[in-house]
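These are the residues of each chain, in order.
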Amino acid sequence: QVQLVESGGGLVQAGASLRLSCAASGGTFSTYVMGWFRQAPGKEREFVAGVSRSGGSTRYADSVKGRFTISRDNAKNTVYLQMSSLKPDDTAVYYCAARAGVVIDTTTGDYNYWGQGTQVTVSS
């Protein structure tokens with residue numbers, strides 16, 4: 001029912017900034033908690049950041065707190081991930097996800113819809 005499409009990934013050098021976007025369609029965007037996850041080669045998919053339905057609350061993984069900012073524009077049905085001070089360890093495929101709920105959960109299984117992912121590569 002809900003389709004999510006990520007964009008904005010690319011190849012950057014360490015210390016650079018990058019903004020990812022996720023466009024949603026097919027549902028009522030403002031009723032979904034939105035999150036960003038990432039998966040690096042050989043590792044499990046992990047929670048990166050989440051934002052509440054209204055955009056008033058956010059939650060971050062310790063590894064990105066202070067460097068990444070999640071936000072949403074409900075009028076545009078879009079969620080963003082602004083990434084700064086990028087490190088080689090940030091290299092991964094980044095996925096946006098949506099869940100029908102209230103709590104900003106950190107578990108992949110609690111999210112109902114997923115995008116196709118966008119590659120972020122940070123060189124040293």
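Our structure is the block above this text.
Residues numbered from 1 in each chain as written. Predicted model: local features only at pLDDT ≥ 70, side-chain atom pairs only at ≥ 80, totals over all residues. Heavy atoms only, no water.

S.K.: How should I be thinking about the packing of aromatic side chains in this particular structure?
M.R.: What describes a pair of aromatic rings is the distance from one ring centre to the other and the angle between the planes of the rings. Going through the model one piece at a time under the given rule, you end up with five aromatic pairs. For the ring pair Phe37 and Tyr111, a centre distance of 5.1 Å and an interplane angle of 80 degrees mean the geometry is edge-to-face. Of this pair, Phe37 sits in strand β4 (residues 33-39) while Tyr111 sits in the loop between β9 (92-99) and β10 (113-114), and the two are 74 residues apart along the sequence. The exposure classification of Phe37 matches that of Tyr111, with both residues buried. Between Arg45 and the ring centre of Tyr95, over which it is positioned, the NZ or CZ distance is 3.9 Å. (Phe/Tyr/Trp six-rings, centres within 6.5 Å; stacked < 30°, edge-to-face > 60°. Helix = DSSP H or I, 4+ residues; strand = E, 2+ residues; numbered from the N terminus. Buried < 20%, exposed > 50% of the residue type's maximum accessible area, 1.4 Å probe, protein only. Lys NZ or Arg CZ within 6 Å of the ring centre and 35° of its normal.)

S.K.: Looking at this structure, how should I read the state of the cysteines?
M.R.: By definition, a disulfide links the sulfur atoms of two cysteine residues through a covalent bond. Tallying each qualifying case throughout the model produces one disulfide. A sulfur-sulfur separation of 2.0 Å characterises the disulfide bridge that pairs Cys22 with Cys96. One quick way to see it: the torsion about the S-S bond of Cys22 and Cys96 is about 45 degrees, and its sign makes the bridge right-handed. Within this pair, whereas Cys22 is found in strand β3 (residues 18-25), its partner Cys96 is found in strand β9, the two being separated by 74 residues in sequence. Taking relative accessible area as the criterion, Cys22 reaches 1% and is therefore assigned buried. Overall, the relative accessible area of 0% leaves Cys96 in the buried class. (Disulfide = S-S within 2.5 Å.)

S.K.: Honestly, the nonpolar core in this entry has me stumped. Any pointers?
M.R.: In a soluble, globular protein the nonpolar side chains are often hidden away together inside. Counting residues in each nonpolar core, the largest one holds 29 residues, and the members touching the most others are Trp36, Leu81, Met83 and Tyr94. Setting aside anything within four residues of it in sequence, one finds Leu81 in contact with Leu18, Arg19, Leu20, Trp36, Val48, Ala49, Phe68, Thr69, Ile70 and Tyr94. In this structure, Phe47, Ala97, Ile104 and Tyr111 belong to the second largest nonpolar core, which totals six residues. (Core = buried A, V, L, I, M, F, W, Y, C linked by side-chain atoms within 4.5 Å. Contact = heavy atoms within 4.5 Å.)

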